[in-house]
Amino acid sequence: MEGLNLISTFAEFKELKNIDRPTMMSVLEDIFRGQLMKMYGSADNFDIIINIDKGDFEIWRNRVVVEKVEDPTTQIALAEVAHIDDSYEVGEEYAEELKLSSFGRRGILTLRQNLAGRIMDIEKANLYNKYHERVGDVLVGEVYQVWKKEVLVLDEDANELVLPKSEQIPSDFFRKGDTVRAVIAKVEMRNNTPLITLSRTSPLFLERLFEQEVPEIFDGLITIKKIVRMPGERAKVAVESYDDRIDPVGACVGVKGSRIHGIVRELRNENIDIINWTGNPQLLIQRALAPAKVSSIKIDEEHKRVGVYLKPSEVSLAIGKGGSNIKLAGMLIGYEIDVFREIEEDEEDVLLDEFGDEIENWIIEALKQMGCDTAKSVLAVPISEIVKRADLEEETVAEVIRILKSEFE
């Protein structure tokens, strides 16, 4: 029993978990006093001396010497003391060292369990506090385990962090041992255990990458006003400069794209459009829909909708692949955008409503919802995009295209 060194056990935890010295002293004293309370009913007359550096401890029990013992917890008989040291007199305090063996096998086991439990609780609290203050920061970790729904990541101290599938870029692929970079998105306690969630799809992750790559953003000369993303596909970043001498778009792109290329690679070739922010809503809409050139804009403030009119050749550019450009532009400006094809004076076109006897009304309405109100505006959009944006069957769209084309043959 004497060979069981609880302090050494604690010291091992301390080295692994980085618990500070005052906390170490407090934890050990609390554990011993708790055990002494169970054994003697009170721990007030015990002195606990802990030497962290040497890895040992002493426990001294103090009792007053009396002729007749009334309270054995705080008193000891003179006759009993005389067998040990006959120099003591009544009224003096007698200090007796308590050996570890006096705790008994069960008591020592309880001490060890309590020690491990307290250290684990402290470590959990430290981990929670550490990462709760770092929410929004970028972390670089090592992939430890890959599962179907999440990836387990270890930080530099071997703490476990989670990167859920929903927070991964669709084209992300990780193997054990890979280095992964992500933003600390959320820290919460579940069943008294800290859960640190990482994200690579959050707009905040893209913002932090720009701060790392563009010194002007880090220094506050350029501000990111808003970021919207379709992770792995496309993103729009609105920036503003507080110095007229600095071009915010050029600074973010860098010479020959040197700054933006690193970010694009990190985001699995996500296309990033950098937009010069403006307080003029019409100008912001035009910039948000680039590379398409807008002919005219009608803003409905009440219903938060924008009608954008473009030449036929610009419609597909405004919509973008799979509707990504128009969707992100709407998210950026905070309005629903309706795209309309501008009819040139010498061009013949027919309103979709004119086909009511050949095409069902609900199909016509679905096409209008995606910004197509004339036959040629529908014909200018690829069938795959109509299927996706109007939520129609491919056979249905093919039949609609056949009917519309026959009008111009």
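Figured I'd write up the structure that's included with this text. Note that this is a predicted model, so its numbers are computed, not measured. (Residues numbered from 1 in each chain as written. Predicted model: local features only at pLDDT ≥ 70, side-chain atom pairs only at ≥ 80, totals over all residues. Heavy atoms only, no water.)

## Brief notes about the overall build of the chain
Moving on, step 1. Each helix and strand in the chain was counted, giving 15 helices and 15 strands.
Moving on, step 2. Taking 22 Å as the expected radius of gyration for a compact globule of 409 residues, we find that the chain reaches 36 Å, considerably beyond that expectation.
Moving on, step 3. With the C-alpha coordinates aligned to their principal axes, the bounding extent of the chain is approximately 125 × 55 × 45 Å.
Moving on, step 4. Counting over 409 residues, the chain shows a buried share of 42%.
Moving on, step 5. For the chain, restricting intrachain contacts to residue pairs at least 6 apart in sequence, the fraction spanning at least 24 positions comes to 59%.
Moving on, step 6. Of the roughly 22900 Å² that the chain leaves accessible, carbon and sulfur atoms contribute 47%.
Moving on, step 7. Of the charged side chains in the chain, 52 are positive and 77 negative, and the gap between their average positions amounts to 3 Å. (Helix = DSSP H or I, 4+ residues; strand = E, 2+ residues; numbered from the N terminus. Rg over C-alpha atoms; globule rule 2.2 N^0.38 Å. Buried < 20%, exposed > 50% of the residue type's maximum accessible area, 1.4 Å probe, protein only. Contact = heavy atoms within 4.5 Å. Areas by Shrake-Rupley, 256 points an atom, 1.4 Å probe, with all protein chains shown as cover. Lys, Arg positive; Asp, Glu negative; His and termini not counted. Charge placed at Lys NZ, Arg CZ, Asp CG, Glu CD.)

## Notes on the nonpolar core
Across soluble globular proteins, you tend to see nonpolar side chains buried next to one another.
Moving on, step 1. Counting residues in each nonpolar core, the largest one holds 46 residues, and the members touching the most others are Ile337, Leu367 and Ile386.
Moving on, step 2. For Leu367, the contacting residues outside a window of four places in its chain are Leu352, Cys372, Val378, Ile386, Leu392 and Val400.
Moving on, step 3. Counting 24 residues, the second largest nonpolar core, distinct from the first, contains Val214, Ile227, Ile272 and Ile274. (Core = buried A, V, L, I, M, F, W, Y, C linked by side-chain atoms within 4.5 Å.)

## Examining the side chain of Asn159
Moving on, step 1. Mapping Asn159 onto the fold places it in the loop between β6 (150-154) and β7 (160-164).
Moving on, step 2. A residue is classified by how much of its surface remains accessible, and Asn159, at 12% relative accessible area, is buried.
Moving on, step 3. Excluding anything up to four places from it in sequence, Asn159 contacts Glu123, Leu127, Lys130, Val153 and Leu154.

## Focus on the sheet that holds strand β13 (residues 294-300)
Moving on, step 1. The strand order across the open sheet built from 3 strands is β13-β14-β15, with neighbouring strands paired in mixed fashion. The open sheet has two edge strands, β13 and β15 (336-341), and neither has a second partner. In this sheet, neighbouring strand axes are inclined to one another by 20° on average, regardless of whether the strands run parallel or antiparallel.
Moving on, step 2. Direction of pairing for strand β14 (residues 305-310) relative to β15: parallel, over a ladder of 6 bridges. In the strand pairing of β15, Val306 is matched with Ile337.
Moving on, step 3. Packed on one face of the sheet, helix α11 (residues 324-333) meets β14 and β15 and runs near 135° to β15. (Pairing = 2+ DSSP bridges. Axes fitted to C-alpha atoms, helices over the stretch in contact; angles between N-to-C directions.)

## So, the packing of aromatic side chains
Moving on, step 1. The tally for this structure, following the rule as stated, stands at 3 aromatic pairs.
Moving on, step 2. Ring centres of Tyr40 and Phe46 lie 5.2 Å apart, and the angle between their planes is 40°; on these two criteria the pair is classed as tilted.
Moving on, step 3. Its relative accessible area of 2% is what places Phe46 among the buried residues.
Moving on, step 4. A ring pair is formed by Tyr309 and Phe340, whose centres lie 5.1 Å apart and whose planes are at 25°; its orientation type is stacked. Of the two residues, Tyr309 is situated in strand β14 and Phe340 in strand β15; the sequence distance between them amounts to 31 residues. (Phe/Tyr/Trp six-rings, centres within 6.5 Å; stacked < 30°, edge-to-face > 60°.)

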